[in-house]
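Listed below, chain by chain, are the residues.
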Amino acid sequence: VEDLSELVPNKEELNVVKIYAHKGDAKCLYPTGRVTVKCEILTVQYVLGRYDLMLPGVVVPLSGIPEVKKGDCCAVKVVSNRAPMAVGTATMSSAEMRSLGMKGRGVSVLHTYMDSLWAFGDKSGPPSIPDVDTEGVEATYEEEEEDDDEATEGGEEEPCPNRVPDAPCPGIQELSLADREEGEHGKEEGEDPEDLRSPQEQMDALLLQCFLQALKSKVKKSELPLLTSSFLRIHMFSCCPSGKQLDIKKSSYKKLSKFLQCMQQQHSLVRVKELSKGVESIVEVDWKNPELRSFRTPKDPGIEEASVEVGRAEGEKPYHPPEITTLYSVSSRLEPLFQDAKKRKGTVLQPAEVRAIITDYVKRNELVDENNKNYVIINPILCDCLLEKSEYQEVEALKWDDLFSRTLYKMQHCHQLVFPGQPPIVKKGHIEPIDISVASRGSNKKVTMIKNLEVYGLDPMAVSVALQHRVQASSALNPVPGSKDRVLVQIQGNQVQQVCKLLLDKYQIPCKYIQGLDNKVQKPGRKK
């Protein structure tokens, strides 16, 4: 009764408020009457990083774990401080917690200190209220803390949650804490904290990690002011760990400007200013910010020290364009003309070989006009193979160039692709060019589509990632209708000019094998 009167004083106004979440569900706001759960400092920082409370991090008092039922409202606090740091609901009863050996998820966290809801208020920190019930466990906890301090290299001081108002934002520290928490909780529970987060939360954490690492190890004071687009492309992408892809569109921020605005207003890490119309730049970085100074660069051998090479994935071999050669195949109509050279139907020849065979045939049959050696007399075989029916009675001789061009025209076209270190690939027909087209989607939105990349040995995924890094727009891979083994790269906006630069400069594809170059955006010029 005394504890209840302390929590809810007599004759004091008590309100129970019901609100509606964005999904339409009704939620009750509990006042202060709730079961408190004590946990370790590291666990609290993990909870403040938007994770649920895992039971291995709960400190069980000497009197035992409080009796709770599934769904009961609970408060999470640290050892030696009665002030709650987070509130949530119990995912299981206390009996189930004991039967499971204090393993698994204990509290589903709804609201934490320094989250978005806290930011709407006066942003005050919780008070420091001594907890007499934890005197028995403080000694044990302090011994473990001393052991941790001895094992810490460099003698850096770890932040203490008892001084919460002076501590940096836990959202910034959750990245370095996640690896340590994974080692403690993952071994005991067999669960990976990455699996507990949604893809959007994982992308938010990756975005924050790359941002802090770029500020701490990449950006120099002499580079300021720095374009935000250049900061993302040159510095943040180079800090992305191997095997992961940084995509702002998949984060909760959706845009780089919103993310930088959050870093400026809530964490005071950078100051962003629009130096020219529509172009934002980072003009100032708070190098002394405790959140930035306490950040530790993760050790990842896959992180490139130099600027990111656009379009190169881990382990990907450098691309070399194929050597493309036009070939011709002997058709059934021309088979009598090539019979003396022992070339049957379907034999693939190069243009020089065709020219040599035709020249040898003409000289062997003495078909060169004696009066004008620039002409070749048409015999019955040449007439049947090269002339149209309407020309049988009219054409008696052809020029050498006309003879060769007619022969090549009547043959079946083929092409040969030779990739470095691979045997030649011969295919019938003309080689398909890389097709670049622009289509409209929805309310006057443009998308650029690229297909036939596989013909030239290009990986559509690598091209998609390279374009995404260049233009900072979302991209997707879609199957080509009517084809089983080809995909179409689609990227937002009219990006024909950037696609052309990528294909011509990086991949060195000849211009004659690219179709749709005239679809690029035309810059407005002066009227004459």
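Residues numbered from 1 in each chain as written. Predicted model: local features only at pLDDT ≥ 70, side-chain atom pairs only at ≥ 80, totals over all residues. Heavy atoms only, no water.

### Quick word on the confidence of the model for the chain
For the chain, the average pLDDT comes to 76, and 73% of its residues sit at 70 or higher. Confidence, read as mean pLDDT per element, is least for helix α6 (residues 170–189) in the chain (44) and greatest for helix α12 (residues 351–364) (93). Overall, residues 135–192 carries pLDDT values under 50, and its contacts beyond four positions in sequence, including any with other chains, amount to 84 contacts. Predicted confidence is poor over residues 301–315, with pLDDT under 50, and the contacts of this stretch with residues over four places away or in other chains come to 28 contacts. (pLDDT = per-residue confidence, 0-100. Helix = DSSP H or I, 4+ residues; strand = E, 2+ residues; numbered from the N terminus. Contact = heavy atoms within 4.5 Å.)

### Describing the packing of aromatic side chains
According to the stated counting rule, one finds 6 aromatic pairs in the structure shown. A network of ring pairs unites the aromatic residues F211, F231, Y253 and F259 as a single cluster. Taking NZ or CZ as reference, K506 lies 5.7 Å from the ring centre of Y507, over its face. (Phe/Tyr/Trp six-rings, centres within 6.5 Å; stacked < 30°, edge-to-face > 60°. Lys NZ or Arg CZ within 6 Å of the ring centre and 35° of its normal.)

### Points about the pairing of strand β9 (residues 270–276)
In the sheet, β9 pairs with strand β10 (residues 279–285) via 6 bridges, with the strands oriented antiparallel. Bridge pairing in β10 places R271 opposite E284. Two successive antiparallel strands, β9 and β10, enclose a turn made up of 2 residues, where G278 displays a positive phi of approximately 80 degrees. (Pairing = 2+ DSSP bridges.)

### Concerning the sheet that holds strand β18 (residues 445–451)
Pairing in this open sheet of 5 strands is mixed, and the strands run β19-β20-β18-β17-β21 from one edge to the other. Each of the sheet's edge strands pairs with one partner strand only, and the pair in question is β19 (475–479) and β21 (514–515). As defined by bridge partners, β18 adjoins strand β20 (residues 487–492) across 4 bridges and the pair is classed as antiparallel. Within β20, the position partnered with M449 by the bridge is Q490. Where helix α16 (residues 496–506) meets the sheet, its contacts fall on β17 (434–441), β18 and β21, and the angle it forms with β17 comes to roughly 160 degrees. (Axes fitted to C-alpha atoms, helices over the stretch in contact; angles between N-to-C directions.)

### With respect to the state of the cysteines
For the structure shown, the criterion picks out 0 disulfides. Just so you know, C240 is unpaired, no disulfide at all, and the nearest cysteine sulfur is the one on C210, 4.8 Å from it. A relative accessible area of 11% places C240 in the buried class. (Disulfide = S-S within 2.5 Å. Buried < 20%, exposed > 50% of the residue type's maximum accessible area, 1.4 Å probe, protein only.)

### As for the side chain of S329
Tracing the chain through its elements places S329 in strand β11 (residues 323–329). At 3.5 Å, the side chain of S329 forms a polar contact with the backbone oxygen of G346. For S329, the residues in contact, after removing those within four places along its chain, are G346, T347, V348, M411, Q412 and C414. (Polar contact = N/O pair within 3.5 Å; in protein donor to acceptor, adjacent residues only side chain to side chain.)

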